[in-house]
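# A closer look at the structure
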Amino acid sequence: MSCLDDLPWFLREYIHASRWTGFREVQLEAFGILFGTDNHLVISSGTSGGKTEAALFPIIASLYRDPPDGVGALYIGPLKALINDQRERLEEVLGESGIRAEGWHGDIARSAKDRAVRDPPDILQITPESLQGILTNRPEQAAEMFRSLRFVVIDEMHAFMGTDRGDQLVCCLSMLERVAGCRPRRIGLSATLPDRASAEEWISFGDGGASTVRCFDGRGATITIEYNRFPQADPSDGGRSRAVAVNAYYRRLLEVTDGCSCIVFSNSRISAERTASSLSKVSERAGSRCPVMIHHGSVSQELRSAAEDALKSGSGATVVSTSTLELGIDVGDLDRVVQIDPPHSCSSMVQRLGRSGRRGGAPEMVVFCNEDSSKWWSSVEGVYFDLVKAEAMAQLAEEGWTEPAPSGRLPYGLLYQQTLSYLKTRLDVRFTELADAVLGMPPFRGIQREEYKGLVRHMVSIGHLQILEDMTIIIGTEGDRVVHDRDFGAVFSDGDGAEVVCGGKQIGTVQKLPDVGGKVMLAGRTWRVVSVSDSPLRAEVVEDEGDAVSPWGSGCPMVHGEVMRRMRDILVSGAPAHHLDEAGMGRLEACRVAARASGMGELVTAVPGGFALHPWVGSAAFDTLRRIVSRVKGVRGVRAVAPYVMYVRTDLDPDSVLRSAESLRLRTAPESLVCPEDDQPSGRYDAYLPAELRRRAFAAEMLDIEGCRLSRRSSEERGSSFPF
Amino acid sequence: MQEIPRRTLVTLMNALSSGVVPRRGLEYIAVGRRKETETFVSDLEDTAAGGGAFRFVSGRYGNGKSFMTQMIRNYAMEQGFVVMDADLSVNRRLTGSKKEGLNTYRELVRNMAVKARPEGGAMESVLQTWIESSEGDPAVMRDRLTSLSHLTYSQDFSAALIRYRDDVSSGDEDMPSLRWLKGEYESRSEVGGALGVHSLIGDSNWYDFIKLWAEFSRVAGYKGLIVFLDEAVVLYKLPSKASRSNNYERLLTIFNDIMQGKSSYMSMYVCGTPEFIEDPRRGLFSYEALRSRLTAGRYESGYDNYLGPVINLRPLTPEEVYVLLRRIRDLHSQRYGYEPTVTDAMLEEYLRAVLENAMSPEMLTPREITRDLISLLDTLHQNPGADFGRMVGGRTVDPDIDPDDIIEDLEV
């Protein structure tokens, strides 16, 4: 180990004590870049891939050789639990070196924070919200503490990229450089990454000068998909056939999870609760000693820690969880990972896969696709799409593909927050200075100065800002309330609010309880609310059509075009599906037959009253197309089952409708496709934005006017007579 | 047009052309504001008699608050008063956790001025004059200082003054008494025993020392002390409600102290914008105790009450601006020694043009117009053949505020 010589004595001791036989490739590569160049760095490798050490060792070496005057390295983690976890690991590594590391987040006492300000540790571990808090509330102290900052490590980078929280982190880091006059190197760690270019772009704030060390994706993983069908409860047999099927599923789930360390990922909190309680019952009945525990955002801290510890102990435990355990909290060696219903994205699938396979084994995931016939909306004309989606995602993940990070976002809500944060720390600010400092930060590069002026004007009109005669801008009475709120530093709103049911069966959840008569989009369809209840928070709906509130920003999975194309290949073009079990293969065959029968392979199929359109494009493009087609003269209505099919009610022939749609598409600005129902403030500060900016942000994030262009070639491929 | 001392004229014109309030020569360009001036003059008489006034001078940005107070300051010095002034800022307030109040005291004392030393920095001169008039005898000095004895900290203050005599005659660079009087000590341990004082001038008690200076100014042979605080709008802009509150509280304390006669031979003037005073949610009016005192003597059936605690400086009327411009023209010609070529009619044309062409004519301040006119006169003087009509037509005045900073169409 030649580069051992570059490492200080206590690190060599640690390595020796941990009985490492050598550095892994990812670590050697990372060392090379960190010691040898000045570049920012992105490290992507599986959970046990050693990427944390890859980043930390050179940092620690640098801090030891050349002690900083203040905080020398900042470690940023998305969760307090993760930070606490990392802190322990770090203490072990630091040993007797004399280098100090401290944590700083919502659960840390104020006295400890004050101490950290007076006598800054060499390494500070912090959440983005707490960093925002320091910058907003203690700016001079921030300047003191961080003036010698050399490194910033961003853990779970993929969780930040393309989100409001990630943008806020970029704002904080860029503001920190400005305030403290430091130019630290940034190192991003992640198990999964969208693609090299966008990751490097993100870590370097668009200025270039970044390298990537990558060695983990879905390749080499074992993914199996098991299919179950729960028939509708039949009164004639007292619902027995359904109960038998459900039981069989849970017994199989027990079989897969019993006796080993595993996480069962579920797509919603309510679903996780139900799975956990049913699995518990079955497990007890079978006399198993392996505990079944639960972990998600609404579960108490104690229960969550208990679940994490149970996994860490390695003695076998099953934890049913939502995405909360997706991120890298150390949970020890997992044998396998279970996923109920296809995950929201390939990226999520790979991230979850990466939690398993530590014991030297390959990462392993078992996906359960459960078709519940009592939920009539779970299949479309006989096709159970979730099964096809699971297969498509498994294939893509195996090939090393994940969704690219979202780009072109317009984070106006964050701009609002950063404006208030800046004004809290300074006096005598006029617009030019404000625009230079705030709008200049990387996440806002897509926003024009005139737009910003419009936002400021709006904030004045609602009393959040005040402009004095000499054109200095101060925080207004309303803004004052916002800025002094305990949670000012957070940009995300809290999760699942109300359940949405049809015929008593849950379709999904939405953040805010909708009004009776309002429309919601869930599971790809549009629904109209017929009744609501307060406790439990629930809305009863029936299917409808037209524009609806889509709970964007939470809970409505956007399917990428690549996944859709692979699904079409599997369903329509007969591409092989090798992850399915026997039952799954059987169901797939039936789906293929059904798909052929309803003409899903064609772009256009005639149906009574109009035609069906199967564009096979991603969710955003699909919805954009739906809006455009709805606006074609002569189209009476469009009922969509997103993102698979839309039924167009019209007397016109499909060719002319699609021709008109194309010409509309060419001359329509995306913003004009945004309707009042879309204007649902979802980010924490969205309610304070002018409607016009919310619309623009929605269009930028949720609509895809380029992608819904139906090309002539693709229709010919499908053998249709469609002229495009 | 009367002859003005050369030095005053040059200083005056230089200041006006850069848009700052001149320290001298203001009387030559003072226009209007007669009633307000009478109020101040009457205040000075009261102060000399042992009383005092606390007034807020309220006026919109650029409308002549600083000008007015500067004029009064100069007049007061002429009349034999000691004056002190300070501009409030982020670091100079009435009170604050980082000694922002003490910073204000230090600035006030640093800017102490008298007729013989109108630029400021007059403290040592005042002290020395006093020592000489006491013939350097500590007993005489102590005796004369007994009139301060009813005030808090008078013992320490007197001790420091007497000690100053020794410090001066010792010839030492470092004079502890002076440093103490200037408020430069941060902790008692720094002061040491030799000075013989038990207290320290700090954030919470600096006003008490201002009162001592006022009383002392009498002893030293002056008529009293006039204190000016400008840019009070800074307090309004403070982002923290608690900070604003603390500062307003302090203003109220001082206001009460002076108006209830607990201080003598001292007046204080605080300049701020109408918003700073009248905004019910954020300004002085948000503080109930202040609001009731400040509205007490306001508009009496339509007439401005010039005796109330708030003096509202209304903007100059166009006629008054015109008078100002004529004066500027005359001063300019005197400065450069030429016969004025710009007629009254041309000035009218100029004024009309700049008002018409301004984006918001009501926002144009006398400062901006003055600066612009001087610039125009400079050009005309250097280019005798220039066409006045062409220079004036379509002319716009450079605003004080960067146009990029202006946000239009604001609503609430």
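Residues numbered from 1 in each chain as written. Chains lettered and ligands numbered in written order. Predicted model: local features only at pLDDT ≥ 70, side-chain atom pairs only at ≥ 80, totals over all residues. Heavy atoms only, no water.

A separate point is the overall build of chain A. The secondary structure content of chain A amounts to 25 helices and 24 strands. Principal-axis analysis of the C-alpha atoms places the extent of chain A at approximately 75 × 70 × 50 Å. At a minimum sequence separation of 6, the contacts of chain A that also span at least 24 residues come to 71%. Total accessible area on chain A stands at roughly 28500 Å², and carbon and sulfur atoms take up 47% of it. For chain A, the separation between the mean place of its 83 positive charges and that of its 99 negative charges on side chains is 2 Å. (Helix = DSSP H or I, 4+ residues; strand = E, 2+ residues; numbered from the N terminus. Contact = heavy atoms within 4.5 Å. Areas by Shrake-Rupley, 256 points an atom, 1.4 Å probe, with all protein chains shown as cover. Lys, Arg positive; Asp, Glu negative; His and termini not counted. Charge placed at Lys NZ, Arg CZ, Asp CG, Glu CD.)

We now examine the side chain of R395(B). Structurally, the position occupied by R395(B) is in the segment after helix 18 (388-392). Look at R395(B) and you get buried, because its relative accessible area is 14%. (Buried < 20%, exposed > 50% of the residue type's maximum accessible area, 1.4 Å probe, protein only.)

Before going further, it helps to examine the domain arrangement of chain A. All names here are of chain A. Looking at chain A, the domain boundaries give domain 1 (2-214), domain 2 (222-396), domain 3 (412-483) and domain 4 (598-717). Contacts between domain 2 and domain 4 engage 5 residues on the former and 7 residues on the latter. Summed over both sides, the interface of domain 2 with domain 4 buries roughly 560 Å², with 68% coming from carbon and sulfur. Considering only the surface of domain 2 that becomes buried against domain 4, V380, E381 and F385 emerge as the three largest contributors, covering 87% of it. Our enumeration of links across domain 2 and domain 4 arrives at 2 residue pairs in polar contact (both at pLDDT 80 or more). The residue inventory of the side of domain 2 that touches domain 4, partitioned by class, reads 3 nonpolar, no polar and 2 charged. (Domains from an automatic or database assignment. Buried area = accessible area lost by both parts, 1.4 Å probe. Polar contact = N/O pair within 3.5 Å; in protein donor to acceptor, adjacent residues only side chain to side chain. Nonpolar A, V, L, I, M, F, W, Y, C, P; charged D, E, K, R; others polar.)

To continue, consider the packing of aromatic side chains. Residue and element names in this part refer to chain B. The tally for this structure, following the rule as stated, stands at 31 aromatic pairs over all chains. On the basis of an interplanar angle of 80° and a centroid distance of 6.0 Å, the ring pair of W213 and F216 is categorised as edge-to-face. Placement of the pair is W213 and F216 together in helix 10 (residues 206-219), with a separation of 3 residues, close to one helical turn. Each member of the pair, W213 as well as F216, is classed as buried. (Phe/Tyr/Trp six-rings, centres within 6.5 Å; stacked < 30°, edge-to-face > 60°.)

Residues and elements named next belong to chain A. Ordered by their spatial adjacency, 7 strands build an open sheet running 3-4-2-5-6-1-7, and the pairing between neighbours is parallel. Edge positions in the open sheet fall to strand 3 (101-104) and strand 7 (210-214), since each of these has one partner strand only. Adjacent strand axes in the sheet meet at a mean angle of 15°, parallel and antiparallel pairs treated alike. Two strands pair when backbone bridges link them, and strand 1 (residues 40-44) and strand 7 are joined in this way by 5 bridges, in the parallel orientation. By the bridge assignment, L41 is partnered in strand 7 with S211. Where helix 3 (residues 51-65) meets the sheet, its contacts fall on strand 1, strand 2 (73-76), strand 4 (123-126), strand 5 (151-154) and strand 6 (185-190), and the angle it forms with strand 6 comes to roughly 155°. Contacts from helix 9 (residues 164-180) reach strand 2, strand 5 and strand 6, with the element oriented near 170° to strand 2. (Pairing = 2+ DSSP bridges. Axes fitted to C-alpha atoms, helices over the stretch in contact; angles between N-to-C directions.)

Turning next to the interface of chain A and chain B. Frequently, the measure chosen for interface size is the accessible area that the parts lose on association. Every contact between the two is made by 26 residues of chain A and, on the other side, 29 residues of chain B. Summed over the shared surface of chain A and chain B, the result is 4 salt bridges. Here E140(A) ties to K98(B) by a salt bridge, and the two come within 3.9 Å at their closest N and O atoms. Taken together, the links from chain A to chain B amount to 8 residue pairs in polar contact (both at pLDDT 80 or more). Contributing elements (two or more residues each) for the side of chain A that touches chain B: helix 16 (412-425), helix 17 (431-439), helix 18 (449-461), strand 14 (465-467), strand 15 (473-475) and helix 19 (477-483) of chain A. No other element matches helix 18 of chain A, which puts 5 residues into the side of chain A that touches chain B. Within the side of chain A that touches chain B, the residues separate by chemical class into 10 nonpolar, 6 polar and 10 charged. (Salt bridge = Lys/Arg side-chain N within 4 Å of Asp/Glu carboxyl O.)

This paragraph deals with helix 1 (residues 9-17) of chain A. Helical periodicity: at 3.6 residues per turn, an α-helix aligns residues three or four positions apart in one direction. Residues and elements named next belong to chain A. Restricting attention to buried positions, one finds in helix 1 the residues F10, L11, Y14 and I15. Taken end-on, helix 1 shows its buried residues confined to a sector of 145°, consistent with a single buried face. What points out from helix 1, more than 90 degrees from its buried face, is the exposed set E13, H16 and A17. Tucked into the core, helix 1 has its buried residues touching helix 3 and helix 4 (80-94). Phi turns positive, to about 60°, at R19, one or two residues after helix 1. (Arc of directions from axis to C-beta.)

Here we take up the packing of helix 17 of chain A against helix 18 of chain A. Residues and elements named next belong to chain A. With their axes 11 Å apart at the nearest point, helix 17 and helix 18 run at an angle of 115° to one another. Our classification of the angle between helix 17 and helix 18 gives roughly perpendicular. Between helix 17 and helix 18 the crossing geometry is right-handed. Mapping the contact onto sequence places F431, T432, L434, A435, D436, V438 and L439 in helix 17 and R449, Y452, K453 and V456 in helix 18. (Parallel < 35°, antiparallel > 145°, perpendicular 65-115°, else oblique. Left-handed = near helix turned anticlockwise from the far one by under 90°.)

Glancing now at the pattern of salt bridges. All names here are of chain A. Summed over the entire model, instances satisfying the criterion amount to 64 salt bridges over all chains. A salt bridge links R165 to E129; the shortest N-O distance between them is 2.8 Å. Placement of the pair is R165 in helix 9 and E129 in helix 6 (residues 128-137), with a sequence separation of 36 residues. One network of salt bridges, in which partners are shared, links D164, D167, R409 and E701.

Once that is clear, we can look at the confidence of the model for chain A. On average, residues of chain A score 86 in pLDDT, and 93% of them reach the 70 mark or higher. Per-residue pLDDT stays below 50 along residues 712-724 of chain A; that stretch engages in 30 contacts with residues further than four places along the chain or on separate chains. (pLDDT = per-residue confidence, 0-100.)

All names here are of chain A. Under the definition given, this model contains 7 cavities of 30 Å³ or more. Approximately 100 Å³ is the volume attributed to the second largest cavity. Forming the boundary of the second largest cavity are Q132, L135, P139, C172, M175, V179, Q418, S421, Y422, T425 and R426. Within the residue set of the lining of the second largest cavity, elements represented by two or more residues are helix 6, helix 9 and helix 16. Examining the composition of the lining of the second largest cavity, we find that 4 residues originate from one element, helix 16, more than from any other. A class-by-class count of the residues in the lining of the second largest cavity yields 6 nonpolar, 4 polar and 1 charged. Both domains that meet at the lining of the second largest cavity, namely domain 1 (2-214) and domain 3 (412-483), each give it at least three residues. (1 Å grid on protein atoms, 1.4 Å probe; cavity = no way out; pocket = protein on both sides within 12 Å on 5 of 7 lines; lining within 4 Å. Points joined across faces, edges and corners; volume = space filled by probe spheres on them.)

The next subject is the sheet that holds strand 12 (residues 336-340) of chain A. Residue and element names in this part refer to chain A. The 6 strands are arranged 8-13-12-9-11-10 in an open sheet whose pairing can be described as parallel. Each having just a single partner strand, strand 8 (222-230) and strand 10 (292-295) make up the two edges of the open sheet. Averaged over neighbouring strand pairs, the angle between their axes works out to 20° when direction is ignored. As paired elements, strand 9 (residues 262-265) and strand 12 share 4 bridges and run parallel to each other.

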